Amino acid sequence: MALPTDRKYSETHEWYLIEGDVVTLGITQHAADELTDITFVELPEVGKTYHAGDVIGEVESVKATSEIFTALPGTVLDVNTALAEHPERVNEDAFEEGWMVKLRASSLEPASNLMDAKEYKAYVRNAR
Amino acid sequence: MTATVDGAAPQRTPLYDTHLEFGARMVEFAGWSMPISFAGIIEEHQHTRSACSVFDVSHMGRLVLTGSGAGPLLNRVCTRNLSGAEPGRSFYSNICREDGGILDDVIVSRFEDSWGLVCNASNRDKIVAWLDRHRQGTDVTLRDETAATAMLAVQGPRAIDAAREVANQDFSTLKRYHFRSFEFMGLRIIVYRSGYTGEDGLEVVLPAGAVRMLLPRLLGTKDKPHAVVRPAGLGARDTLRLEAAMPLYGHELSEEVDSLTADLAWCVDLSKDFIGAEPMRQLAARGLPRRRVGLEVEGRRIARQHAAVYADGRAMGTVTSGTLSPTLDRSIAMAYVEAGVSAPGTALEVEIGSKRAAAKVVKLPFYKRPAGS
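Residues numbered from 1 in each chain as written. Chains lettered and ligands numbered in written order. Predicted model: local features only at pLDDT ≥ 70, side-chain atom pairs only at ≥ 80, totals over all residues.

1. Some thoughts on the pairing of strand E2 (residues 14-19) of chain A
Residues and elements named next belong to chain A.
Phase 1 of the analysis: Note that strand E1 (residues 8-9) and E2 share two bridges and pair antiparallel. Within E2, the position partnered with Lys 8 by the bridge is Tyr 16.
Phase 2 of the analysis: Hairpin geometry of E1 and E2 is characterised by an intervening segment of four residues between the two adjacent antiparallel strands and by a positive phi of about 70 degrees at His 13.
Phase 3 of the analysis: Hairpin remark: E2 followed by strand E3 (residues 22-27), antiparallel, with two residues in the connecting loop; positive phi at Gly 20, about 65 degrees. (Pairing = 2+ DSSP bridges. Helix = DSSP H or I, 4+ residues; strand = E, 2+ residues; numbered from the N terminus.)

2. Some remarks on the packing of helix H3 (residues 70-77) of chain B against helix H4 (residues 124-135) of chain B
Residues and elements named next belong to chain B.
Phase 1 of the analysis: Relative to each other, H3 and H4 sit at 120 degrees, their axes nearing to 11 Å. Handedness of the crossing formed by H3 with H4: right-handed. Residues Leu 73, Arg 76 and Val 77 of H3 form the contact with H4, whose own contacting residues are Trp 130, Leu 131, His 134 and Arg 135. (Axes fitted to C-alpha atoms, helices over the stretch in contact; angles between N-to-C directions. Left-handed = near helix turned anticlockwise from the far one by under 90°. Contact = placed C-beta atoms within 7 Å.)

3. Re the interface of chain B and chain A
Phase 1 of the analysis: Taken together, the 14 residues of chain B in the interface contact nine residues of chain A.
Phase 2 of the analysis: Among the elements of the structure, strand E3 (32-37), helix H2 (41-50), helix H7 (234-243) and strand E17 (314-325) of chain B are those that each provide at least two residues to the side of chain B that touches chain A.
Phase 3 of the analysis: Split by residue class, the side of chain B that touches chain A holds five nonpolar, six polar and three charged. (Nonpolar A, V, L, I, M, F, W, Y, C, P; charged D, E, K, R; others polar.)

4. Overview of the nonpolar core
Phase 1 of the analysis: Counting 101 residues, the largest nonpolar core has Leu 74, Leu 152, Val 154, Leu 295, Ala 333, Ala 335 and Val 350 of chain B as the members making the most contacts within it.
Phase 2 of the analysis: The element best represented in this core is strand E18 (residues 330-338) of chain B, accounting for six residues.
Phase 3 of the analysis: In this structure Ala 333 of chain B touches Leu 295, Val 297, Ala 303, Val 319, Ser 321, Gly 322 and Val 350 of chain B, once residues within four positions along its chain are discounted.
Phase 4 of the analysis: Membership of the second largest hydrophobic core comes to 27 residues, among which are Leu 72, Val 76, Ala 105 and Tyr 120 of chain A. (Core = buried A, V, L, I, M, F, W, Y, C linked by C-beta atoms within 7 Å. Buried ≥ 20, exposed ≤ 12 C-beta atoms within 10 Å, placed from the backbone.)

5. With respect to the pairing of strand E14 (residues 229-232) of chain B
Both faces of the sheet carry side chains from a regular strand, because those side chains alternate between them.
All names here are of chain B.
Phase 1 of the analysis: In E14, alternate side chains face the same way, and those of Val 229 and Pro 231 on one face and Arg 230 and Ala 232 on the other are all buried.
Phase 2 of the analysis: Examined bridge by bridge, strand E4 (residues 52-56) and E14 share four bridges and lie parallel to one another. Following the sheet pairing, Cys 52 is matched in E14 by Val 229.

6. Details of the domain arrangement of chain B
Residues and elements named next belong to chain B.
Phase 1 of the analysis: Assigned domains within chain B: domain 1 (11-60 + 147-243), domain 2 (61-144) and domain 3 (289-373).
Phase 2 of the analysis: The partner domain 2 presents 13 residues to the 13 residues of domain 1 that form the contact.
Phase 3 of the analysis: Classifying every residue of the side of domain 1 that touches domain 2 by side-chain character gives eight nonpolar, five polar and no charged. (Domains from an automatic or database assignment.)

7. Quick notes on the environment of Ala 359 of chain B
Residues and elements named next belong to chain B.
Phase 1 of the analysis: Mapped onto the secondary structure, Ala 359 falls in strand E20 (residues 355-362).
Phase 2 of the analysis: The class of Ala 359 is buried, set by 28 C-beta atoms lying within 10 Å.
Phase 3 of the analysis: When the C-alpha positions of Ala 359 and Ala 245 are compared, they lie 17 Å apart, and in sequence the two are 114 residues distant.
Phase 4 of the analysis: Those residues in contact with Ala 359 that sit more than four places away from it in its chain are Leu 295, Glu 296, Val 297, Glu 298, Leu 348, Glu 349 and Val 350.

8. As for the packing of H2 of chain B against H7 of chain B
Residues and elements named next belong to chain B.
Phase 1 of the analysis: With their axes 8 Å apart at the nearest point, H2 and H7 run at an angle of 55 degrees to one another. Judged on the interaxial angle alone, H7 and H2 are oblique. For the pair H2 and H7, the crossing hand works out as right-handed. In this structure, H2 uses Ile 41, Glu 44, His 45 and Thr 48 to contact H7, whose residues at the interface are Gly 235, Ala 236, Thr 239 and Leu 240.
Phase 2 of the analysis: Taken together, the residues of the contact of H2 with H7 sort by class into three nonpolar, four polar and one charged. (Parallel < 35°, antiparallel > 145°, perpendicular 65-115°, else oblique.)

Structure below.
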C-alpha cells in the first residue's frame, strides 16, 4: 500500500492535505477498496460550515453506504463536482482524482490527533 | 462439523488458497471466509453476463438422504411436489415451518438410490436439525457432505463451452434443472444445469481434495489466466441474482414470510400435504395482504434492506435488497408492499438515508437473458 506522506489520516479512513488554512479531504484508497465499486458520492454545498467530527458527505457502493466525516472544522470552499458523473474515480485514484472537499479551516488544532502515513498503515494492518 | 460459533475463526473452503492467489478481497459470510470480489464487483458482473465466471459456492450445505423413507420425508418438508420425481432431475423448493414461515430455500435432487439437498450456509444447522426431527421413526439416513466436497458455479453464455473444454463432455444437451453424475479422472463429479445469476450455466460438485487440482483446467492460474473464464465473488453473485429477481435468504426470504407472499407459488403444491400447507391454503383463499415486488428507483442512490416504502406518504412496505444494476445502469430494489400498491406502474417512494426517492413498481425480473443464449 503506497500512502502519500504529505497528508494526515483519520481512524474513519479520510485523508487530509493541509496547505496553510486550506484543507483538501477525501477517503483513503483502503476505504475505497473496502467499499468496492463506488456508485454515488454526496458532497456538501459550497459555503456551508462544519464542526470538527461532523458528517460532511456520503459515499455509496454496490455493497454499502458510508458517511464521510471531517476531523477539521471549517467552511466549504470547493467540492469535486466531477464525482457526480464519475464516482468510480474514487476507486481508481482515491488520493488525487478522487478528492472530495476543500475547506477553509477555522482551526487546525484537531489535526494533532490525526495519524501520519506510517501510523495509518499500522492502524489498517492491525484492524484486519 | 458444526457452524462457526461466535468468536471462532471462519471456516475455509477447499479453494481458500486459490482465492488468495487470484487476489480476492475476503469477507466473512455465514461463518465462512469467502471472496467478495476479485477484479471488482461491476467488472465481474458484466463478465458473467457476457462471457463466463466461476464462483466458489462450497460454503453452501450439501446433504445426502438415503433409505426408503427419504423421498416421503422430503415430500413432506418441501413445498414442491416431489412424488414421481425422476432420477437426474433437480427441484427448487422451500422448506417451511408449520405456520408457513420459510426455513430455507433449497435444491432437491433425485439420484437413483438417494436424494441430494443443497441448502444455504446460514441455514445448514437448522435444516439438518429439522430433517433429523422429522425423520424419527422412518427409514432415513442423513449424511452431511459439505466438508467432503467442493461446489463451483460456472455461469455465463460461455459456460457450456468452457465446461466442454475441461471435461470433454457436451453439457448443452443437459436440460435446465437436470444433472449428470459421472467419473472423471477417477473422481465422482456431479454437474447440474442451474445457477443463481440469470445466465445459462452449470453448478458442479466434486471431491474437496480434487478441486485445487482441477480448477486450473477451468480458470488457468494467476500468471496464465484462462482467456474467457474468470473468478468472481459473492458481490457479483448478489448483484446478478438481484437483477434476475432471485430471492436471497435473509433478505427476501425469512421465517417471517411464507412462500406465496414471496412470489414463489410456482414451487408450492397446495394440493399435497406438506408442513406449512394449511396456513398457505388459507392465505391463498383469503388473498395475499402483501406481495414481493420490483422497484425502479429514481436517481443513482441505492435503497437498502429495511428501508421504508411509502405510498401517498403512508408507510406501505419495506425494501429487502437494492443495488445499482450494472446491466440496466439504474437503481433497482425488491420490496414487500401491501397488495393494494403492488401493481406494476404504481408510484411509490423509498427511504434513502434521510431522504425519500421516487420509485415505481415494475414487473420482475429486472433482467432476462436474451432468448437463445
